[in-house]
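# Secondary and tertiary structure notes
These are the residues of each chain, in order.
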Amino acid sequence: MSSASGGQSLAAETAAAVDPRVTDLIRDAIIRGEYAPNQRLIEADLGAAFSASRATVRTALLELAGEGLVERLPNRGSRVRAISVDEAIEILEVRIGVEGLCAAKTAASISDENVAAFHGLRARMIESVAEGDLVEYSRLNLYLDVRIRELSHHATASEVLSRLHAQSVRHQFKLSSRPQRAKVSVLEHAAIIDAVVARDPGAAEQAVRSHLLSVIDALREVSSAESRPAAAS
């Protein structure tokens, strides 16, 4: 077999192994905490869990390594990359500027149709927290972030955020599973939506900044509480 045909065969095999569905499923499972930080990710086990070939799983893990969610270990496969609270806070600090930009651009150009959709999303987020459905609230929270990025029509900012968000969102997911934090967070998200649908770019950018600073404060508080030794009984 010539080197050219061998290269074509490898390219065809790689293309066949690409399945965004599998990448999305593994990413979501990591974000939800189904795989713990530093946990080994066995290709055969993932293939069985997500009905995918080992080649497809391997390709997905390579992509997630590029996103900073997975760490490739020489001759030992892959594991979930541990992201410290300090690193998550640094990522959130970067996100303040970039997400604020996206929110401002979305506010400046949002259509009447999307205004109506955002009003509906706002109502569902408040309802999910009121009913104690924090899994649904977390899903809607992620959806809001994605829609603001999409509607900003800023390709570079969207690409940067898709990577940064995946790395820090595990810590945010843990926070949003706390009922008292969710009650604070939902009001902050409602403020972002209100500014966007009011077509006020400055207010939208400030609402994002206020929300992410609040997340940083909450992460520091939780980290401090977890690091304190338990009181003697």
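Before going into details, it helps to say that this report is about the structure given with it. (Residues numbered from 1 in each chain as written. Predicted model: local features only at pLDDT ≥ 70, side-chain atom pairs only at ≥ 80, totals over all residues. Heavy atoms only, no water.)

### A word on the overall build of the protein chain
Broken down by element type, the protein chain carries 10 helices and 3 strands. Put simply, the protein chain runs from its N terminus to its C terminus through helices and strands in the order α-α-β-α-α-β-β-α-α-α-α-α-α. Among the 233 residues that make up the protein chain, the fraction classed as buried is 42%. Put simply, of all contacts in the protein chain between residues at least 6 apart along the chain, 74% involve residues at least 24 apart. Of the roughly 12200 Å² of accessible surface on the protein chain, 54% is carried by carbon and sulfur atoms. (Helix = DSSP H or I, 4+ residues; strand = E, 2+ residues; numbered from the N terminus. Buried < 20%, exposed > 50% of the residue type's maximum accessible area, 1.4 Å probe, protein only. Contact = heavy atoms within 4.5 Å. Areas by Shrake-Rupley, 256 points an atom, 1.4 Å probe, with all protein chains shown as cover.)

### Some points on the environment of Leu64
Structurally, the position occupied by Leu64 is in helix α4 (residues 54-66). For Leu64, a relative accessible area of 0% puts it in the buried group. Residues Leu64 and Arg163, 99 residues apart in the sequence, show an inter-C-alpha distance of 9.3 Å. Apart from the residues within four sequence positions on either side, Leu64 is in contact with Thr23, Ile26, Arg27, Ile30, Leu69 and Val70.

### Let's talk about the sheet that holds strand β1 (residues 40-41)
Here 3 strands make up an open sheet; going across it, the order is β1-β3-β2 and the pairing antiparallel. The open sheet has two edge strands, β1 and β2 (70-73), and neither has a second partner. As paired elements, β2 and strand β3 (residues 77-80) share 4 bridges and run antiparallel to each other. Across the sheet, the residue bridging to Val70 is Val80, located in β3. Lying on the sheet, α4 is in contact with β1, β2 and β3; it crosses β2 at an angle near 115 degrees. (Pairing = 2+ DSSP bridges. Axes fitted to C-alpha atoms, helices over the stretch in contact; angles between N-to-C directions.)

### Observations concerning empty space enclosed by the protein
By rolling a water-sized probe across the atoms, one finds the places where empty space is left. Across all of its chains, the model carries 3 cavities of 30 Å³ or more by this definition. The volume enclosed by the largest cavity comes to roughly 110 Å³. If you go around the largest cavity, the residues you meet are Glu99, Cys102, Ala103, Asp145, Ile148, Arg149, Leu161, His189, Ile192, Val208 and His211. For the lining of the largest cavity, the elements supplying multiple residues, two or more each, are α5 (85-109), α7 (134-152), α9 (179-197) and α10 (201-227). (1 Å grid on protein atoms, 1.4 Å probe; cavity = no way out; pocket = protein on both sides within 12 Å on 5 of 7 lines; lining within 4 Å. Points joined across faces, edges and corners; volume = space filled by probe spheres on them.)

### A short note on unusual backbone geometry
Despite not being glycine, Ser51 has its phi angle at roughly 50 degrees, a positive value. Relative to the assigned elements, Ser51 resides in the loop between α3 (43-50) and α4. One non-glycine residue, His153, lies in the positive phi region at around 55 degrees. Tracing the chain through its elements places His153 in the loop between α7 and α8 (155-176).

### A look at the nonpolar core
Of all hydrophobic cores here, the largest spans 40 residues; its most connected members are Phe118, Met125, Leu144, Ile148 and Leu219. Breaking this core down by element, the ones donating at least two residues are α5, α6 (112-130), α7, α8, α9 and α10. With 9 residues, α10 is the single largest residue contributor to this core. Contacts of Leu219, omitting those with residues within four sequence positions, involve Val85, Ala88, Ile89, Leu92, His171 and Leu175. In terms of nonpolar packing, the next biggest core, distinct from the first, is built from 17 residues, Ala29, Ile30, Tyr35 and Ala166 among them. (Core = buried A, V, L, I, M, F, W, Y, C linked by side-chain atoms within 4.5 Å.)

### Topic: α3
Residues of α3 that are buried include every one of Glu43, Leu46, Gly47 and Phe50, and no others. End-on view of α3: buried residues confined to an arc of 105 degrees, all on one side of the axis. Along α3, exposed side chains directed more than 90 degrees from the buried face belong to Asp45 and Ala48. In the core, the buried residues of α3 are packed alongside α2 (20-31), β1, α4 and β2. (Arc of directions from axis to C-beta.)

### A look at α6
The end-to-end C-alpha distance of α6, which contains 19 residues, comes to 27 Å, matching closely the 27 Å that a straight helix rising 1.5 Å per residue would cover. Every buried residue of α6 is listed here: Asn114, Val115, Phe118, Leu121, Met125, Ser128 and Val129. In an axial view of α6, the angular spread of the buried residues amounts to 145 degrees, which keeps them on one side of the axis. Opposite the buried face of α6, at more than 90 degrees from it, the exposed residues are Asp112, Glu113 and Ala130. Gly132, located one to two residues past α6, shows a positive phi value of around 75 degrees. (Expected span 1.5 Å × (residues − 1).)

### Describing the pattern of salt bridges
Applying the stated criterion across every chain yields a total of 13 salt bridges. Between Glu43 and Arg58 there is a salt bridge; the shortest N-O distance is 3.0 Å. Pair noted here: Glu43 is in helix α3 and Arg58 is in helix α4, with a separation of 15 residues, a long-range link. Accessibility expressed as a relative area gives 34% for Arg58, which makes it partly exposed. A salt bridge links Asp112 to Arg199; the shortest N-O distance between them is 2.7 Å. Of this pair, Asp112 sits in helix α6 while Arg199 sits in the loop between α9 and α10; the two residues are 87 residues apart in sequence, bridging distant segments of the chain. Using a relative accessible area of 61% as the deciding quantity, one classes Asp112 as exposed. The structure contains a network of salt bridges with shared partners spanning Asp24, Arg27 and Glu67. (Salt bridge = Lys/Arg side-chain N within 4 Å of Asp/Glu carboxyl O.)

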